[in-house]
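Here's the letter readout for the chains.
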Amino acid sequence: MINIDTSNRLKKLPPYLFAEMDRIKKKAISEGKDIIDLGVGDPDKPTPMHIIEQLYEAARDSKNHRYAMDMGLLKLREAIAAWYKRRFNVDLDPESEILPLIGSKEGIAHIPLAYVNYGDEVLIPDPCYPPYKSGTIFAGGVPYLMPLLPENNFLPCLDAIDCQVAKRAKIMFLNYPNNPTSAVATDEFFKKVIEYADENNIIICHDAAYSEMAYDGYKPPSFLEFEGGKDTGVEFHSLSKTYNMTGWRLGFVCGNADVISALRKVKSNIDSGIFQAVQFAGIVALESDQSNIDKLIAIYQRRRDVLVDGLNSIGWKVEKPKATFYVWIPVPPGYTSNELTKSLLEKVDIVTTPGVGFGPNGEGYIRIALTVSEERLQEAIDRIKRLHR
Ligand SMILES: *Cc1c(COP(=O)(O)O)cnc(C)c1O
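Numbering of residues begins from 1 in every chain and follows the order in which that chain's sequence is written. Per-residue local features are limited, in this predicted model, to residues with pLDDT of at least 70; the limit for side-chain atom pairs, both in listing and counting, is 80 or more; totals at the level of whole chains, interfaces and linings are taken over all residues. For the side-chain quantities, the full set of heavy atoms in the structure was used; hydrogens and water were omitted.

A. Local environment of the domain arrangement of the chain. Note that the domain bounds were set by an automatic or database domain assignment. For the chain, the domain assignment lists domain 1 (8–46 + 291–386) and domain 2 (49–287). Put simply, the middle of domain 1 and the middle of domain 2, counted by C-alpha atoms, are 25 Å apart. Working rule for contacts: check all heavy atoms of both residues, and any pair within 4.5 Å makes them a contact. With 31 residues of domain 1 at the contact, the number on the domain 2 side is 36 residues. In this description, buried area is defined as the sum, over both parts, of the accessible area (probe of 1.4 Å) that is lost when the two are combined. Summing both partners gives a buried area of about 3,000 Å² for domain 1 against domain 2, and 63% of it is carried by carbon and sulfur. Of all residues in domain 1, Lys-322, Thr-324 and Phe-358 give up the largest surface area on contact with domain 2, accounting jointly for 20% of the area buried on that side. The salt bridge definition used is simple: a Lys or Arg side-chain nitrogen within 4 Å of an Asp or Glu carboxyl oxygen. The tally of links from domain 1 across to domain 2 stands at 1 salt bridge. A salt bridge links Asp-216 to Arg-304, with the nearest nitrogen and oxygen atoms 3.0 Å apart. Breaking the side of domain 1 that touches domain 2 down by element, the ones donating at least two residues are α1 (8–11), α12 (291–313), β9 (326–330) and β12 (365–369). Looking at the side of domain 1 that touches domain 2, the element that brings in the most residues is α12, giving 7 residues. Tallied by class, the residues present in the side of domain 1 that touches domain 2 amount to 17 nonpolar, 7 polar and 7 charged. Only DSSP runs of H or I covering at least 4 residues are called helices, and only runs of E covering at least 2 are called strands; the numbering of each starts at the N terminus. Note on residue classes: Ala, Val, Leu, Ile, Met, Phe, Trp, Tyr, Cys and Pro are nonpolar, Asp, Glu, Lys and Arg are charged, and everything else, Gly too, is polar.

B. Geometry of the nonpolar core. Among buried residues, those of type Ala, Val, Leu, Ile, Met, Phe, Trp, Tyr and Cys that are joined through side-chain atoms within 4.5 Å constitute a nonpolar core. Each residue is placed in one exposure class: buried if its accessible area under a 1.4 Å probe, protein chains only, is under 20% of its type's maximum, exposed if it is over 50%, and partly exposed if it falls in between. The biggest cluster of nonpolar side chains holds 91 residues, and the ones touching the most others in it are Tyr-84, Met-172, Tyr-176, Tyr-243, Leu-307, Trp-316 and Ile-329. Sort the elements by how many residues they give to this core and α12 lands first, with 8 residues. Residue assignment places this core across two domains, with domain 1 (8–46 + 291–386) and domain 2 (49–287) each supplying three or more. Dropping the residues within four chain positions of it, Ile-329 is found in contact with Leu-307, Leu-311, Trp-316, Val-318, Gly-364, Tyr-365, Ile-366 and Ile-368. Membership of the second largest hydrophobic core comes to 21 residues, among which are Ile-111, Tyr-132, Val-234 and Val-253.

Following this line, the structure appears as structure tokens:
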């Protein structure tokens, strides 16, 4: 019987705050309780049929059964470049400025390996999507947290970053529209970020997974639209949320050619590309009629309104998010975010995510995902009313 201690890097990962929640949730399900799961950000609708048909066809072609190229199919990179041009009016060179990923999480988690040495700080928003931290720790880096506070509209205050840290740091992660706060960034903010990155010699890694998930006519910009964007960083995109393709694992990173090349070198030593049939399906997703996205947005927008209007009607103070399929909800007085999440699950069978699970500045909030039907959201509100009685 062997008995081997795990690596220090595994031990350094933030504690798994959802363990207790998972346990309570599993127990409730095994007892036959009718759980409303508003926890995970995973679309409930299927992938559009024309994308599935393309996978089916490409999977039959034996040419697609072999190892894929580490850069991905040129046709996919060209489709990405064309989509980017149409959507953001940004020119990208398919040969040097675009790298397909096995889901954007994969690229996000690996990019610190390309630049971070032992003990280097990486600038990370707090609260945040967890892979920014775990990728940093796996590379031997140290997360330096930039608080996202309501008084600053959940944008990090660049002037509050320690000057010495800023001089040393090589990477800053940003994410707008934001998970978990659902905040959006202003043009002024992106311009300031570019200036800051240029001054301090920092690579901006902007995660734009929710660039297409926005409401009330708002169209989130690309970080690369702004002057100097491509000189200072890269942008991560995902087909997961836009096309209901979370399980397919397809995303891409684009922008600064040196950064793309460094990440490609890391990846060529770790993975062996993306199943080509999935790449062909991705091409169809990007090139076909995009009206499915408008329909999807309309669905989430109606759900958002049901949830936020409902919560406000019972005295909670919640704002309507402009983007993402999350609602970031200040916990009513008398609870911590963990306590509220636990009460909702134990007393009214609703799963939510405690804000503190995304970092210390998530305390005081819970996150709800709009990935269930309007009827279920209404049912959730009726149950929450009971919690107050
Ligand atoms: C969902 C999500 C992603 C997308 O991940 P994939 O690996 O492309 O499925 C990336 N960033 C954030 C903030 C997300 O919420």
